[in-house]
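# Commentary on secondary and tertiary structure
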Amino acid sequence: EVALRGVMTTSGTTSKRVAERFGFEYCTSDLREILDDPTVNTVFIATRHDTHFSYVHAALEAGKHVFVEKPLCLRPAELREIHESYSTPGDTSRPHLMVGFNRRFAPHAIEVKSVLHDGPMAVLYRVNSGAIPPDNWIQDPDVGGGRIVGEACHFVDFLTWLCGSLPVSVHAAALPDPHSLHDTVAINLTFANGSVGSLCYYANGSRDVPKEYVEVHQAGATAIIRDFREFEMRGMGKPKRRKTFSQNKGQAAMVQAFLERVKSGGEPLIPFEQLSAVTAATFCALESIRQRKSLAIDTAIFLPKANA
């Protein structure tokens, strides 16, 4: 039930090639052509990170539902502007705003979430992210935002969803490197419900080690997810273990759920307060590295505030 209307890239030639390959009805190099099209109700944004804010803001102002790949934006001022123009709790007439945080839709993640209760938990999320050259656009703070804002937001969102509570403080420390990339970093988060999460995002590991490992501890029970291929549960009766043939990080389920929500209406698929708090947490993590101290995540103004 999805009609692929228009597609835009940075050049008309590329737009035409993409339109022909995927079956879009027209191609363009002008954003307004899509935003002014009354038959378009939903916009997917899959561009480089530095354009996300401007496209998100323009699409929301045009009344379009928005799916944007992470991150939502690159700067606190941009997040404040989105917050001021979009955040109206309980307003179901707003367009849907969705960021591509797919891990929370992964089958193994949903299984872990289903056996946990609402109380505090302790979570370890280790990401063997691999090295990216310093001159890559992702490492450029003005284009890609760096790997904490541009990539680690994925995992901060997962911790937020799993703990069922907003992050309220962060302490981050990065391994020194000559380019100050901050891409081998330990980020410790505390949540409003008392949960704690440790995100270990490492760019200096072996390629032979699986990329993602999650360990959850709560009230004598432990759940483990290994690279979204294997799930293990202990401490709740008979040990449970399940392994799937292929890896599933939830991308397809996420897009399907978003489209269903657009069709059916109701609250956004991920509450805006979570999208904003996760984004603010990545900004605060960078600031925590610079200041070498714990910071409160002030989601009212989206600026880091030193803890007393």
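Residues numbered from 1 in each chain as written. Predicted model: local features only at pLDDT ≥ 70, side-chain atom pairs only at ≥ 80, totals over all residues. Heavy atoms only, no water.

Our focus in this paragraph is the layout of surface pockets. Roughly 1,100 Å³ of internal volume is contained in the largest pocket. Counting only elements with at least two residues in the lining of the largest pocket, the list comes to strand 1 (6-8), helix 2 (31-35), strand 3 (42-45), helix 3 (52-61) and helix 7 (251-264). The residue makeup of the lining of the largest pocket, split by class, is 19 nonpolar, 9 polar and 6 charged. Looking at the second largest pocket, its volume works out to about 390 Å³. Lining the second largest pocket are 19 residues, and of these Pro141, Gly145, Val149, Leu286 and Arg290 sit closest to its centre. Among the elements of the structure, helix 6 (146-163) and helix 8 (272-291) are those that each provide at least two residues to the lining of the second largest pocket. When its residues are assigned to classes, the lining of the second largest pocket shows 9 nonpolar, 5 polar and 5 charged. (1 Å grid on protein atoms, 1.4 Å probe; cavity = no way out; pocket = protein on both sides within 12 Å on 5 of 7 lines; lining within 4 Å. Points joined across faces, edges and corners; volume = space filled by probe spheres on them. Helix = DSSP H or I, 4+ residues; strand = E, 2+ residues; numbered from the N terminus. Nonpolar A, V, L, I, M, F, W, Y, C, P; charged D, E, K, R; others polar.)

What follows covers the environment of arginine 242. Mapped onto the secondary structure, arginine 242 falls in strand 13 (residues 240-243). By relative accessible area, arginine 242 is classed as partly exposed at 37%. Expressed as a C-alpha distance, the spacing of arginine 242 and isoleucine 225, which sit 17 residues apart in the sequence, is 9.8 Å. If sequence neighbours within four positions are ignored, arginine 242 has contacts with His108, Glu111, Arg229, Glu230 and Phe231. (Buried < 20%, exposed > 50% of the residue type's maximum accessible area, 1.4 Å probe, protein only. Contact = heavy atoms within 4.5 Å.)

Here we come to the sheet that holds strand 4 (residues 65-68). The strand order across the open sheet formed by 3 strands is 3-4-5, and the pairing between neighbours is parallel. In the strand order of this sheet, the two ends are held by strand 3 and strand 5 (97-99), each with one partner. Taking each pair of neighbouring strands and ignoring which way they run, the sheet shows an average axis angle of 10°. Bridging between strand 4 and strand 5 involves 3 bridges; their strand directions are parallel. Counterpart to valine 66 in the pairing with strand 5 is leucine 97. Relative to the sheet, helix 3 contacts strand 3, strand 4 and strand 5, its axis offset from that of strand 4 by approximately 165°. (Pairing = 2+ DSSP bridges. Axes fitted to C-alpha atoms, helices over the stretch in contact; angles between N-to-C directions.)

What follows deals with helix 5 (residues 107-115). Regarding helix 5, the residues found buried are His108, Ala109, Glu111 and Val112. Within helix 5, the buried residues cover an arc of 160° as seen down the axis, which keeps them to one side. The secondary structure elements touched by the buried residues of helix 5 are helix 6, strand 10 (212-218), strand 11 (221-226), strand 12 (230-234) and strand 13. (Arc of directions from axis to C-beta.)

This part takes up the pattern of salt bridges. Under the counting rule described, the total for this entry stands at 18 salt bridges. Here arginine 75 and glutamate 78 are joined by a salt bridge, their closest N and O atoms 3.1 Å apart. Residue arginine 75 is classed as partly exposed on the basis of its relative accessible area of 32%. Between glutamate 212 and arginine 103 there is a salt bridge, with its nearest N and O atoms 2.7 Å apart. Taken as a pair, glutamate 212 in strand 10 and arginine 103 in the loop between strand 5 and helix 5 lie far apart in primary sequence, 109 residues in all. Overall, arginine 103 belongs to the buried group, its relative accessible area being 5%. A single salt-bridge network, built from bridges that share partners, covers Arg226, Glu230, Glu232, Arg234 and Arg241. (Salt bridge = Lys/Arg side-chain N within 4 Å of Asp/Glu carboxyl O.)

Here 7 bridges tie strand 6 (residues 122-128) to strand 9 (residues 196-202), and the two strands are oriented parallel to one another. If you follow tyrosine 125 over to strand 9, its bridge partner there is leucine 199. Inspection of the sheet shows strand 8 (residues 185-191) paired to strand 9 by 6 bridges, in the antiparallel sense. Directly across from isoleucine 187, in strand 9, lies its bridge partner leucine 199. Linking strand 8 to strand 9, which pair antiparallel, is a turn of 4 residues; within it glycine 194 sits at a positive phi near 95°.

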